[in-house]
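Topology and contacts: notes
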Amino acid sequence: MITKIEEIDGKYVATLKGEMDTAAAKEAEEVLKPLYTCEGKDVIIDCSELEYIASSGLRILLAILKGAKSKGSRVVMRGVNDDIKNVFKLTGFINIFEFE
């Protein structure tokens, strides 16, 4: 799994590539920790190359969302494929995240 964060146009853009299984989620969490306190900037999570996400990955995304909302920021999920979107539907996360 490849995880990176960039600041683009005053927003944080996190790119997730590969499979975020339980083992990969631990590594991804370390990279994504700065987004927990997003400093009032909006966060875009680019999932266009994300192939799989485990519950541990969903927990990380939820922590990012909670941190962002507490700072008045938005979290937008971008490029989510149908399989990942189904995971969001099954867990009810489809109703708490914003998608584009």
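It should be noted that the structure appears before, not after, this text.
For the structure given in this document, a descriptive report is provided here.

Cut-offs used in this document
- Residues numbered from 1 in each chain as written.
- Predicted model: local features only at pLDDT ≥ 70, side-chain atom pairs only at ≥ 80, totals over all residues.
- Heavy atoms only, no water.
- Pairing = 2+ DSSP bridges.
- Helix = DSSP H or I, 4+ residues; strand = E, 2+ residues; numbered from the N terminus.
- Right-handed = clockwise from strand over helix to strand, strands pointing away.
- Phe/Tyr/Trp six-rings, centres within 6.5 Å; stacked < 30°, edge-to-face > 60°.
- Buried < 20%, exposed > 50% of the residue type's maximum accessible area, 1.4 Å probe, protein only.
- Contact = heavy atoms within 4.5 Å.
- Axes fitted to C-alpha atoms, helices over the stretch in contact; angles between N-to-C directions.
- Salt bridge = Lys/Arg side-chain N within 4 Å of Asp/Glu carboxyl O.

Here 4 bridges tie strand β3 (residues 43–53) to strand β4 (residues 75–78), and the two strands are oriented parallel to one another. Among the inter-strand pairings, Ile 45 is bridged to a residue of β4, identified as Met 77. This β-α-β element, β3 to helix α2 (residues 55–70) to β4, shows right-handed connectivity. Here β4 pairs with strand β5 (residues 98–99) via 2 bridges, running parallel. The residue bridging Met 77 from the neighbouring strand is Phe 99, located in β5.

This paragraph deals with unusual backbone geometry. Leaving glycine out, the prevailing phi sign among residues is negative, and the prevailing peptide bond configuration is trans. The residue Asp 9 is not glycine, and still its phi comes out positive at about 50°. Locating Asp 9 in the fold gives a position in the loop between β1 (2–8) and β2 (11–20).

Under the criterion given, the structure shown has 4 aromatic pairs. For the ring pair Phe 88 and Phe 99, a centre distance of 5.4 Å and an interplane angle of 85° mean the geometry is edge-to-face. Remark: Phe 99 occurs in strand β5 and Phe 88 occurs in helix α3 (residues 82–91); sequence separation between them is 11 residues. The class of Phe 99 is partly exposed, set by a relative accessible area of 23%.

This next bit is on the sheet that holds β5. Pairing is mixed in the open sheet, where 5 strands are placed in the order β1-β2-β3-β4-β5. Each edge of the open sheet is held by one strand with a lone partner, namely β1 and β5. Bridging between β2 and β3 involves 8 bridges; their strand directions are parallel. Note on β3: the bridge partner recorded for Lys 17 is Glu 49. Along the sheet, α2 contacts β2, β3 and β4; its crossing angle with β3, the most-contacted strand, is approximately 175°. Across the face of the sheet, α3 comes into contact with β3, β4 and β5 while running at roughly 105° to β3.

Moving on: the pattern of salt bridges. A complete count under the given rule lists 6 salt bridges for this structure. Glu 7 is the salt-bridge partner of Lys 41, the closest N and O atoms lying 2.6 Å from each other. With Lys 41 in the loop between α1 (22–32) and β3 and Glu 7 in strand β1, this pair connects stretches of sequence that are 34 residues apart. Take Lys 41: its relative accessible area is 22%, and that puts it in the partly exposed class. Here Arg 74 ties to Glu 98 by a salt bridge, and the two come within 2.3 Å at their closest N and O atoms. Here Glu 98 lies in strand β5 and Arg 74 lies in the loop between α2 and β4, a separation of 24 residues in the sequence. Since its relative accessible area comes to 35%, Glu 98 is described here as partly exposed.

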